[in-house]
Amino acid sequence: MRRILLAVVFILVCSGRLAGAAETVTIAAEDDWPPYSSLKKDRSGPQGFAVDIVREAFKTQGVDVKFQVLPFARCLQYAETGKVSGCFDATKIESNSNTYCWHPTPMFEESLIIFGPSATPRTDLKVKDLEGKVVGSTIGYTYLDEFTNNKKIKHFGAVSDDHLIKMLAAGRVDFILLNGLPGYMRINADAALKGKIKAVGTLSVDSFWVAFSKKADGPHYCEVFEKGLGEIRKNGKYKEMESAFRKSLGL
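A brief structural summary. (Residues numbered from 1 in each chain as written. Predicted model: local features only at pLDDT ≥ 70, side-chain atom pairs only at ≥ 80, totals over all residues. Heavy atoms only, no water.)

### Points about the state of the cysteines
Here the structure, examined in full by the defined rule, presents one disulfide. Shown here is the disulfide that connects cysteine 75 with cysteine 87, its sulfur atoms set 2.0 Å apart. With the S-S dihedral at roughly 120°, the linkage between cysteine 75 and cysteine 87 falls on the right-handed side. Of this pair, cysteine 75 sits in helix H3 (residues 72-81) while cysteine 87 sits in strand S6 (residues 86-90), and the two are twelve residues apart along the sequence. (Disulfide = S-S within 2.5 Å. Helix = DSSP H or I, 4+ residues; strand = E, 2+ residues; numbered from the N terminus.)

Following this line, the structure appears as structure tokens:
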């Protein structure tokens, strides 16, 4: 009888079902997109609104998240190849719609804005207005196919949003694309840019997801996350986090 009990205990330990043993999923977080997801100054992990959403959604389903903080292009590549179960913050477009497993409900929405010199007379520019112009975008980021595939636009790739802003201020490009809050945060943080750059159009308002891997346990955790996201929206936790987030930004 004693041997049988020991065997049962051993099986439970190995399966992680003893009290205190938590299920854990590894998710890659973007390292340089505040205020949604960025590496903390002490490099101890990620921070931001999207980080909180992912953590809390999984928590409702009894799953702990181990974050791996990566540059966005590598984040997506790790999810595609199954090195992690998912990557955020991703937009879903035609060219990547079959690459990842997408949960039905997006985490949040954010605008994609065209920024240009303050002397630009118009503030209603669209993709068509960018044709013939040198337009900067960040390498590895996901943009509308309508923009990316337009060969009449003179595309210029930069390694980061910060580089884009510096190139625009120096007159090396005509326009740049930045998401709303992340873009305004970077521009407003540099006093030298005051009066030099402004929003001159909005390309789109995009939804953002965790791009889950189609390999290994990705599809399973895609379903788990959708359930958790629905739960925090239902129980008021999402609204609570969103209010705190906006308040922290002075909105």
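Picking up where we left off.
### Quick word on the nonpolar core
Core analysis: the biggest nonpolar cluster contains 59 residues, and Ile53, Phe58, Phe88, Phe108 and Phe225 have the highest contact counts within it. Each residue touching phenylalanine 225, except ones within four places of it in the same chain, is listed here: Ile53, Val54, Ala57, Phe58, His103, Met107, Val210 and Phe212. Within the second largest apolar cluster, 13 residues are counted, among which are Ile113, Ile165, Leu178 and Ile187. (Core = buried A, V, L, I, M, F, W, Y, C linked by side-chain atoms within 4.5 Å. Buried < 20%, exposed > 50% of the residue type's maximum accessible area, 1.4 Å probe, protein only. Contact = heavy atoms within 4.5 Å.)

### Some details on the packing of aromatic side chains
Evaluated as defined, the whole model comprises 19 aromatic pairs. Centre to centre, the rings of tyrosine 36 and phenylalanine 245 are 5.7 Å apart; their planes meet at 45°, and the pair counts as tilted. Highlighted residues: tyrosine 36 in the loop between strand S2 (32-33) and strand S3 (37-39) and phenylalanine 245 in helix H8 (residues 237-248), separated in sequence by 209 residues. Just as tyrosine 36 is buried, phenylalanine 245 falls in that class too. Judged by centre distance (5.8 Å) and plane angle (65°), the rings of phenylalanine 49 and tyrosine 238 are edge-to-face. Here phenylalanine 49 is found in helix H2 (residues 49-59), whereas its partner tyrosine 238 is found in helix H8, with 189 residues between them in sequence. Here phenylalanine 49 matches tyrosine 238 in class, with each residue buried. An aromatic cluster is present here, built from Trp33, Tyr36, Phe49, Phe108, Phe208, Tyr238 and Phe245 joined pairwise through their rings. Across from the ring centre of tryptophan 209, 4.8 Å away, lies the NZ or CZ of lysine 92, which sits over that ring. (Phe/Tyr/Trp six-rings, centres within 6.5 Å; stacked < 30°, edge-to-face > 60°. Lys NZ or Arg CZ within 6 Å of the ring centre and 35° of its normal.)

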